[in-house]
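Chain by chain, the residues run as shown.
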Amino acid sequence: MNNDIPLKRENYTQVVKRAILKVWTKDIKSDYNKHLLLKEDTLKNAFYYHLRKRLGDTFLNKNNLAIFTEFFIVGERIDLVVVEIDPLKAKSNYLGECVINILAVVEMKYKGANVQDGIFQADVDKIMNYLINNEKETLFYLAFIREVWFHEDEIDYWLIPEQQIVAKDRVTELLAYHSIEQEKMIWLAIEH
């Protein structure tokens with residue numbers, strides 16, 4: 001394949017998806033195990049760094065893609081997005097107004113044992129509200145590190161069955177928790 005030819009949108013969406021899954025299951029897991037993450041801000045920074053590194057500037061530039069943190073969508077601040085930019089408009093306009101497509105939305109939480117479920121649920125609700133009112137192309141990720149020890153049969157996914165129906169093929173839960181049975185942190189990617 002000629003590397004100078006931009007990919008079709010559905011192809012680069014899949015490239016972004018594969019990169020996000022590797023960032024979570026390999027890079028963030030490694031950073032966590034090396035004690036390089038200190039709560040949500042460093043998780044966000046590490047996710048941005050690893051995603052940009054995995055995708056590479058050549059791929060991003062060739063396909064007019066960008067990665068932004070703290071991006072506002074319909075009055076909500078999103079932790080991280082991968083977007084397509086209109087390159088002509090970007091030459092003379094504020095970059096935030098040049099986004100023509102949102103490929104991926106990632107909401108992140110990194111919390112300890114004493115945090116209530118509502119903190120996580122607020123991000124789930126934000127994603128579900130945006131998903132219902134969004135184009136079918138955007139993929140969504142809930143990246144949650146929860147420093148709690150669980151028995152494996154106690155793990156519930158954040159999306160309830162009704163939400164899983166709406167989220168089918170569009171939402172992936174990226175979860176990390178301590179397993180009592182395995183005596184280690186477990187890193188999962190659950191695609192709905």
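Everything numeric in this text was worked out from a predicted model, so none of it was measured. (Residues numbered from 1 in each chain as written. Predicted model: local features only at pLDDT ≥ 70, side-chain atom pairs only at ≥ 80, totals over all residues. Heavy atoms only, no water.)

**Observations concerning the nonpolar core**
To keep things clear, this is the line we draw: For our purposes a nonpolar core is just a set of buried Ala, Val, Leu, Ile, Met, Phe, Trp, Tyr and Cys residues, chained together by side-chain atoms within 4.5 Å. Only protein chains enter the calculation, and the probe is 1.4 Å; a residue is then buried if its accessible area is under 20% of its type maximum, exposed if over 50%, and partly exposed in between. Numbering of helices and strands runs from the N terminus, with a helix taken as a DSSP run of H or I at least four residues long and a strand as a DSSP run of E at least two residues long. Whether two residues are in contact is decided by their heavy atoms: any pair within 4.5 Å suffices.
With 34 residues, the main nonpolar core has Ile-20, Trp-24, Ile-28, Phe-47, Leu-51 and Ile-145 as its most contacted residues. In terms of residues, this core owes the most to one element, helix α1 (residues 9–33), which gives nine residues. Setting aside residues no more than four positions away along its own chain, Ile-145 makes contact with Trp-24, Ile-28, Tyr-32, Leu-37, Leu-43, Lys-109, Tyr-110, Lys-111, Phe-120, Ala-176, Met-185 and Trp-187.

**Comments concerning the sheet that holds strand β6 (residues 184–191)**
Here is the rule we go by: Whether two strands pair comes down to DSSP finding at least two bridges between them. Angles here are taken between N-to-C directions and fall from 0 to 180 degrees, while the axes themselves are lines fitted to C-alpha atoms, restricted in helices to the stretch in contact.
Spatial ordering of the open sheet is given by β1-β2-β3-β4-β5-β6, a layout of six strands whose pairing is mixed. Of all strands in the sheet, those bounded by a partner on one side alone are β1 (65–73) and β6. Pairwise comparison of adjacent strand axes, ignoring direction, gives a mean angle of 20° for this sheet. Pairing of β1 with strand β2 (residues 76–85) involves eight bridges; the strand directions are antiparallel.

**As for the environment of Phe-68**
Along the chain, Phe-68 turns up in strand β1. When the C-alpha positions of Phe-68 and Val-83 are compared, they lie 7.8 Å apart, and in sequence the two are 15 residues distant. Beyond its immediate stretch of four places on either side in the chain, Phe-68 contacts Asp-79, Leu-80, Val-81, Val-83, Ile-85, Leu-95 and Val-99.

**Comments concerning the pattern of salt bridges**
This is how the line gets drawn: One side-chain nitrogen of Lys or Arg within 4 Å of one carboxyl oxygen of Asp or Glu is enough to make a salt bridge.
Counted under the stated rule, the structure contains twelve salt bridges. A salt bridge links Asp-41 to Lys-44; the shortest N-O distance between them is 3.8 Å. Residue Asp-41 and its partner Lys-44 are located together in helix α2 (residues 39–55), separated by three residues, close to a single helical turn. Measuring nitrogen to oxygen at the nearest pair gives 3.1 Å for the salt bridge that ties Lys-109 to Asp-123. With Lys-109 in strand β3 (residues 99–111) and Asp-123 in helix α5 (residues 117–132), the pair connects residues that are 14 residues apart, well separated along the chain. One exposure class covers both Lys-109 and Asp-123, and it is buried.

**What to know about the packing of aromatic side chains**
How two aromatic rings sit relative to each other is given by the distance of their centres and the angle of their planes. Spelled out, the test is: Centres within 6.5 Å are what make two rings of Phe, Tyr or Trp a pair, Trp counting through its six-membered ring; a difference in plane orientation under 30 degrees is then read as stacked, over 60 as edge-to-face, and the rest as tilted.
Evaluation of the coordinates by the stated rule reveals six aromatic pairs. An aromatic cluster is built from Trp-24, Tyr-32, Tyr-110 and Trp-187, whose rings are joined through pairwise contacts.

**Quick notes on the confidence of the model for the chain**
Basically, it comes down to this: Note: pLDDT gives the predictor's confidence per residue, expressed from 0 to 100.
Across the chain, the average pLDDT comes to 86, with 91% of residues at 70 or higher. Within the chain, no element has a lower average pLDDT than helix α6 (residues 161–167), which sits at 71, and none a higher one than α2, at 96.

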